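Structure assessment
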Amino acid sequence: QVRLVQSGGGLVKTGDSLRLSCKASGGTFSSWSLAWFRQVPGEEREFVALIDYSGTVLEYTDSVKGRFIVSRDNSDNTLFLQMNNLRPEDTGEYFCATDATYWHSVEARRYTYWGQGTQVTVSS
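Now for a look at the structure at hand. (Residues numbered from 1 in each chain as written. Predicted model: local features only at pLDDT ≥ 70, side-chain atom pairs only at ≥ 80, totals over all residues. Heavy atoms only, no water.)

With that settled, consider the packing of aromatic side chains. One pair of aromatic rings is described through two measures. These are the centre distance and the angle between the planes. Per the counting criterion, the structure on display carries seven aromatic pairs. Taking the centre distance of 5.5 Å and the plane angle of 70° together, the rings of Phe37 and Tyr111 count as edge-to-face. In this pair, Phe37 sits in strand 4 (residues 34-39) while Tyr111 sits in the loop between strand 9 (92-98) and strand 10 (113-114), placing the two residues 74 residues apart along the sequence. Judged by relative accessible area, which is 0%, Phe37 ranks as buried. The exposure class of Tyr111 is buried, given its relative accessible area of 6%. Here the aromatic residues Phe37, Phe47, Phe95, Trp103, Tyr111 and Trp114 are joined through ring pairs into a cluster of three or more. Across from the ring centre of Phe95, 3.7 Å away, lies the NZ or CZ of Arg45, which sits over that ring. (Phe/Tyr/Trp six-rings, centres within 6.5 Å; stacked < 30°, edge-to-face > 60°. Helix = DSSP H or I, 4+ residues; strand = E, 2+ residues; numbered from the N terminus. Buried < 20%, exposed > 50% of the residue type's maximum accessible area, 1.4 Å probe, protein only. Lys NZ or Arg CZ within 6 Å of the ring centre and 35° of its normal.)

The structure is reproduced here in structure tokens:
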């Protein structure tokens with residue numbers, strides 16, 4: 001059974017940094033592509049970043065390019081999202097996701113396994 005357990009997040013000020021973690025279990029992590037999404041109440045889950053199984057394909061939504069960095073540690077089965085220069089519009093609940101395969105997408109509906117979510121709040 002694939003399981004994703006998130007940590008990190010919290011309340012920060014504009015310009016601060018945070019790092020989110022997503023520890024996986026239940027399969028061969030090194031063969032999975034993974035993604036981060038975020039959601040605010042009343043809106044659909046929005047793509048933030050992804051990293052493919054090899055770590056060579058990285059994609060970001062335009063609003064976080066140059067500020068967020070997605071990475072992975074296959075030796076510890078963990079996905080990271082380093083968030084720098086945070087803005088109030090980055091506020092939301094962040095989720096990690098995978099389909100437990102090499103496949104990846106920017107569409108939330110295409111993912112099967114999700115972390116429990118972690119809140120990030122950026123005050124102005």
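The discussion continues.
Strand order across the open sheet formed by four strands is 1-3-8-7, with antiparallel pairing between neighbours. Lying at the two open borders of the sheet, with one neighbouring strand each, are strand 1 (3-7) and strand 7 (68-73). On average, each strand axis in the sheet is tilted by 15° relative to the strand beside it, whichever way the strands run. Summarising the sheet, strand 3 (residues 18-25) and strand 8 (residues 78-83) pair through six bridges and their orientation is antiparallel. Paired with Lys23 across the two strands is Thr78, which belongs to strand 8. (Pairing = 2+ DSSP bridges. Axes fitted to C-alpha atoms, helices over the stretch in contact; angles between N-to-C directions.)

What follows is about the pairing of strand 8. As a general feature of sheets, a regular strand has side chains that alternate between the two faces. Of all six residues that make up strand 8, five are buried, and the element is covered over most of its length. Counting the residues that bridge the hairpin from strand 7 to strand 8 gives four residues, and of these Asn77 lies at a positive phi of roughly 55°.

Relative to strand 3, strand 1 is paired through five bridges, and the arrangement is antiparallel. Its bridge partner lying in strand 3, Arg3 is registered against Ser25.

In terms of nonpolar packing, the biggest core is built from 26 residues, with Trp36, Phe68, Leu81 and Met83 touching the most fellow members. Broken down by secondary-structure element, the contributors of at least two residues to this core are strand 3, strand 4, strand 5 (46-51), strand 7, strand 8, strand 9 and strand 11 (118-123). It is strand 3 that provides the largest number of residues to this core, a total of four residues. Excluding its chain neighbours within four sequence positions, the residues that come into contact with Met83 are Asp16, Ser17, Leu18, Leu20, Arg67, Phe68, Tyr94 and Val120. (Core = buried A, V, L, I, M, F, W, Y, C linked by side-chain atoms within 4.5 Å. Contact = heavy atoms within 4.5 Å.)

In the structure shown here, the tally under the stated rule is one disulfide. Here Cys22 connects covalently by a disulfide to Cys96, the sulfurs 2.1 Å from one another. The chirality of the disulfide connecting Cys22 with Cys96 is right-handed, given an S-S dihedral of about 70°. Highlighted residues: Cys22 in strand 3 and Cys96 in strand 9, separated in sequence by 74 residues. Using a relative accessible area of 0% as the deciding quantity, one classes Cys22 as buried. With a relative accessible area of 0%, Cys96 lands in the buried category. (Disulfide = S-S within 2.5 Å.)

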